[in-house]
Amino acid sequence: MRLALSAITEELRRLKASGVDSVVVSEEGLSALRKSVASSPRAAPLSASEDVPAEKPAAPARAPKAAPRPEAPPAAPVPVVSLPPGDKKSRWAALERMVLEDPVCRAKLRPGKKVVLGVGNLDASLMFIGEAPGAEEEVQGEPFVGPAGQLLNRMIAGMALSRADVYIGNIMNWRPDLPTGPDGVQTGNRPPTDAEMAHCLPYLKAQIEIVAPSLIVALGATAAKGLLGPKSFGALGEVRGRWHDFGGRPLMVTYHPSYILRNPTNRTKRMIWEDLLKVMERAKLPITDKQRGFFL
Ligand code: URA
């Protein structure tokens, strides 16, 4: 129960960090939460060291036997990616094989769904990085092919580029799971946990090594946290619209296209566009007056 409660707490922190300031909880859900908090063994010792009494008891006393606690599943080792020498295409193909054979990635897939690796031009000077595959992406095995992908395509087109000019990747190689109904269909998405991100990050780093882009654009808080570190900032506003460094490469942080889909105001569209104008300037791409005055 403690684990479930800390998972809920972590999820709420993530939502808050990504700009969500309220969530709707049903009366039923609220009463279930109250019950779990009331029954949570808050006074139970957390570790062996907490069993040590502050003062030595006067008479020799036997330490009470701790009730056996269920063991946490061992954390899967973070993959160590060693790319073979060769050209970009063969190195990428080798990486794809590693991801497809990764037992954790495979275990995370529901039947019929696909592991998703980045896509695009291996010689791209611009790389976009999102969060994780969603419903459409896990079916097609390609990042950003759903509604957020349509908007990303428009953003790229606004820069007078096409999808074939850039490389598009994600922090995650699989869709973070949520409980499904009896039909096994997942509705909705959740941000990945720190452990899930840590597992996939070596694969993203390997893609960055292969493509060697001049500039990286992180789309949204999860991508930014994956690249800058899970504790690097609280709210996205602290880091968005500014240049950062990722392994010696300039990294721009901007909003995730899904955020614009949820908040399609001229203000939010203009904000993301201004970040992209900064990217175009740094990439020395030509910018017309029309593009300067544009918003998505
Ligand atoms: N959102 C992402 O972050 N990545 C995708 O591939 C699709 C939606």
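Residues numbered from 1 in each chain as written. Predicted model: local features only at pLDDT ≥ 70, side-chain atom pairs only at ≥ 80, totals over all residues. Heavy atoms only, no water.

Caption draft 1: Here's a closer look at the pattern of salt bridges. One pass over the full model with this rule turns up 12 salt bridges. Two residues, Lys 231 and Asp 194, come together in a salt bridge whose shortest N-O distance is 4.0 Å. Taken together, the residues span a long stretch of sequence, with Lys 231 in the loop between helix H8 (220-228) and strand S5 (243-246) and Asp 194 in helix H7 (residues 194-211) at a distance of 37 residues. The structure contains a network of salt bridges with shared partners spanning Lys 108, Asp 177, Arg 190 and Glu 196. (Salt bridge = Lys/Arg side-chain N within 4 Å of Asp/Glu carboxyl O. Helix = DSSP H or I, 4+ residues; strand = E, 2+ residues; numbered from the N terminus.)

Caption draft 2: Up close: the pairing of strand S6 (residues 249-254). With 5 of 6 residues buried, S6 is to be regarded as a mostly interior element. The pairing of S5 with S6 spans 4 bridges and is antiparallel. Bridge pairing in S6 places Trp 243 opposite Met 252. Adjacent in sequence and paired antiparallel, S5 and S6 are bridged by 2 residues, among which Gly 247 carries a positive phi angle near 55°. (Buried < 20%, exposed > 50% of the residue type's maximum accessible area, 1.4 Å probe, protein only. Pairing = 2+ DSSP bridges.)

Caption draft 3: Structural detail: H7. For H7, which comprises 18 residues, the first-to-last C-alpha distance of 25 Å matches the rise-based estimate of 26 Å (1.5 Å per residue) to within 8%. The sharpest bend along H7 comes to roughly 35°, located at Cys 200, with the proline Pro 202 sitting one to four residues further on. A large share of H7 lies buried, amounting to 13 of its 18 residues. Phi turns positive, to about 50°, at Ala 212, one or two residues after H7. (Expected span 1.5 Å × (residues − 1). Bend = angle between axes of the 7 residues up to and from the residue.)

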